[in-house]
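# Notes for the structure review
The chain contents come next:
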Amino acid sequence: MEACTAVVFDLDGLLLDTERLVDEVCTAVCGRLGAEYTPAHAALGRGLRPLEACQAVVAALSLPVTAEALYALTDAELSLRWHEVELMPGAARLLRHLAAARVPLALATSTPRSVLEVKMAGLGELFALFRCVVTGDDVSRGKPAPDAYSQACVGLGIAPEHCLAIEDAPSGVTSARTAGCFVLAVPSLLDRSAYVGERTTVLSSLLDIKPEVWGFPPLCDWVERTLPLCTPMRLKGAVVRGFGRGSRVLGIPTANLDVNTLGAALSHSAVTGIYAAWASLGPLVDGAPPRVYKAVMSIGWNPFFKGSKKTVEPWLLHDFEGRDFYGEELRLVVCGYLRPEADFVSLEALVQQIHGDADVARAALEVQPYALLRGDPFLLG
Ligand code: ADP
Ligand code: RBF
Ligand code: MG
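Residues numbered from 1 in each chain as written. Chains lettered and ligands numbered in written order. Predicted model: local features only at pLDDT ≥ 70, side-chain atom pairs only at ≥ 80, totals over all residues. Heavy atoms only, no water.

## A short note on the overall build of the protein
- What the protein contains, in helices and strands, is eleven helices and eleven strands.
- The C-alpha radius of gyration of the protein comes to 22 Å, within 12% of the 21 Å expected for a compact globule of 381 residues.
- Contacts in the protein between residues at least 24 apart in sequence constitute 70% of all its contacts with a sequence separation of at least 6.
- Of the side chains in the protein, 33 bear a positive and 43 a negative charge, and the two mean positions are spaced by 3 Å. (Helix = DSSP H or I, 4+ residues; strand = E, 2+ residues; numbered from the N terminus. Rg over C-alpha atoms; globule rule 2.2 N^0.38 Å. Contact = heavy atoms within 4.5 Å. Lys, Arg positive; Asp, Glu negative; His and termini not counted. Charge placed at Lys NZ, Arg CZ, Asp CG, Glu CD.)

## Considerations on the site of ligand 2
- Around ligand 2, a shell composed of 19 residues is seen, among which Arg245, Phe304, Glu313, Arg339 and Ala342 lie nearest.
- Between an oxygen atom of ligand 2 and a main-chain N or O atom of Phe304, the distance comes to 2.8 Å.
- Within the side chain of Arg339, an N or O atom sits 2.9 Å from an oxygen atom of ligand 2.
- Relative to its unbound accessible surface of 530 Å², ligand 2 loses 99% to contact with the protein.
- Only helix H9 (246–250), strand E9 (292–300) and helix H11 (347–364) provide two or more residues apiece to the shell around ligand 2.
- Per element, the largest residue contribution to the shell around ligand 2 is three residues, and it comes from H11.
- Residues belonging to the shell around ligand 2 are distributed by class as follows: ten nonpolar, four polar and five charged. (Near = heavy atom within 4 Å. Polar contact = N/O pair within 3.5 Å; in protein donor to acceptor, adjacent residues only side chain to side chain. Areas by Shrake-Rupley, 256 points an atom, 1.4 Å probe, with all protein chains shown as cover. Nonpolar A, V, L, I, M, F, W, Y, C, P; charged D, E, K, R; others polar.)

## A short note on the site of ligand 1
- Near ligand 1 you find 21 residues, and of these Gly242, Gly244, Ser247, Phe325 and Tyr326 are the closest.
- Considered on its own, ligand 1 offers 560 Å² of accessible surface; in the complex 93% of this is hidden by protein.
- Put simply, the parts of the chain that give the shell around ligand 1 at least two residues each are H9 and strand E10 (311–316).
- Element by element, the count of residues in the shell around ligand 1 is highest for E10, at three residues.
- For the shell around ligand 1, the class distribution of residues is ten nonpolar, seven polar and four charged.

## Describing the pairing of strand E5 (residues 182–185)
- The two faces of E5 match: Phe182 and Leu184 on one face and Val183 and Ala185 on the other face are all buried.
- In this fold, the crossover linking strand E4 (residues 163–167) to E5 by way of helix H8 (residues 170–179) has right-handed handedness.
- Both E5 and strand E6 (residues 200–202) contribute to a ladder of three bridges, which runs parallel. Its bridge partner lying in E6, Leu184 is registered against Thr201. (Buried < 20%, exposed > 50% of the residue type's maximum accessible area, 1.4 Å probe, protein only. Right-handed = clockwise from strand over helix to strand, strands pointing away. Pairing = 2+ DSSP bridges.)

## Notes on the domain arrangement of the protein
- Structurally, the protein comprises domain 1 (6–16 + 85–214), domain 2 (19–84) and domain 3 (227–380).
- Between domain 1 and domain 2, the C-alpha centre-to-centre distance is 23 Å.
- Contacts between domain 1 and domain 2 engage 21 residues on the former and 16 residues on the latter.
- Here domain 1 packs against domain 2, burying approximately 1400 Å² in sum over the two surfaces, 58% of which is carbon and sulfur. (Domains from an automatic or database assignment. Buried area = accessible area lost by both parts, 1.4 Å probe.)

## A look at the sheet that holds strand E11 (residues 329–339)
- Spatial ordering of the open sheet is given by E7-E11-E8-E9-E10, a layout of five strands whose pairing is antiparallel. Since the sheet does not close on itself, it has two edges, and those belong to strand E7 (227–238) and E10, each with one partner. For this sheet, the mean angle separating the axes of adjacent strands, direction not counted, is 30°.
- The sheet contacts of H11 involve strand E8 (273–281), E9, E10 and E11, and relative to E9 the element is tilted by about 135°. (Axes fitted to C-alpha atoms, helices over the stretch in contact; angles between N-to-C directions.)

## Topic: the coordination of the magnesium ion (ligand 3)
- Looking at the magnesium ion (ligand 3), one finds its protein donor set to be Thr254 (O), Thr254 (OG1) and Asn256 (OD1), positioned 2.2 to 2.3 Å from the metal centre.
- Given the relative accessible area of 25%, Thr254 is considered partly exposed. (Donors = N, O, S within 2.8 Å, 3.2 Å for Na, K, Ca; no water.)

## Points about the pattern of salt bridges
- For the structure on display, the rule yields 22 salt bridges.
- Between Asp12 and Lys119 there is a salt bridge, and its shortest N-O distance comes to 2.8 Å. Residue Asp12 is found in the loop between strand E1 (6–9) and helix H1 (19–32), and its partner Lys119 is found in helix H6 (residues 113–119); the two are separated by 107 residues along the sequence. A single burial state applies to Asp12 and to Lys119, both of which are buried.
- Glu328 is the partner of Arg323 in a salt bridge, and the nearest nitrogen-oxygen pair spans 3.0 Å.
- Through salt bridges with shared partners, one network takes in Asp10, Lys143 and Glu167. (Salt bridge = Lys/Arg side-chain N within 4 Å of Asp/Glu carboxyl O.)

## Section: the pairing of strand E2 (residues 105–108)
- On E2, burial covers both faces: Leu105 and Leu107 on one face and Ala106 and Ala108 on the other are all buried.
- Sheet analysis places E1 next to E2, joined by three bridges and oriented parallel. The partner of Phe9 across the bridge, within E2, is Leu107.
- Alignment of E2 against strand E3 (residues 132–134), held across three bridges, turns out to be parallel. In the sheet register, Leu107 faces E3, and the bridge partner there is Val133.

Structure below.
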């Protein structure tokens, strides 16, 4: 166990879900300049100060403008839209937990101070929990240089080797590691290899953090090995055909929904992973309320099958005796998080894990806060 006494947080992509907005605006601005801004270009700028990110993009795309001009264009659009940004899943929970345990907290962001004030609207009262805030204006060298994290540690009065830094971008991970901090990386980029290194732990999302690993008090809000979602996700759609491998290959049928029809109900920042849910099917029969089933489901990329398409697929924990229900309307109240998606050494290991997940979901849905949601009006059609 490591003995950390303070935590320094990155902001964008870690606490705030800014990346989608930034990518959208950069794509539009570069498009107007005649260039195609791709995820590879987005990756170049992640975690950097905005002007430095613009320098990288101007060079990579050979844009016909200066980095200063690109910054002015993107900043003008972004400043009108920062209020749209939401907290990342698990961010508020973690900040409140650590603050309640009187753990000194700091922010080490590449964001300029003037922009920070606008962005902070999204953090609300949580912003007051930071004892020290280092912005992009406060350092002579931006990330990946160690300055941001070194200064945050100085500000807290705590040695870097007793600090845990939490980051989503490779440049920030390098900054924190070079400063001498322990690092928890929650990658916002798909390629995990850029994050690995000494004193560094990589997790899929903030939901999976175990603070006791670094010597902080543990989170005690797991219920029957599941984490209740602050706001359950209410998803509704027609059951579509998947790859046809659920029943055939795994012996586990999953009723797939089309992610593209779920819209905002499936929050963009929804953590990919395994969840417990209540499910109901079809229209009302003779005015009788539909039957509600327990379900265990996966939202994600199915790494075992090297998936390139995000799927949403619940296994209803009920024997339908060979009946299928393609085309019928399926409603889900997704209420508990179980674990991140994983890869497995064998099909048997995946199948065994999914059966274990089903047991966890079955037990958890019996207790509060889940049991009450069985009667959620959304499930009634
Ligand atoms: P696909 O890849 O098309 O989703 P599956 O092999 O996963 O195929 O089978 C899923 C279909 O099986 C569902 O769409 C549904 O119609 C049917 N089905 C039968 N029993 C269940 C169940 N308990 N849970 C989910 N789907 C079931
Ligand atoms: N696929 C994975 O690649 N990794 C997983 O960890 C994983 N967990 C699952 C858990 C549950 C409860 C269910 C229903 C499915 C899971 N799958 C996982 C998805 C599985 O790959 C998917 O159902 C098949 O691809 C069939 O479409
Ligand atoms: Mg399926």
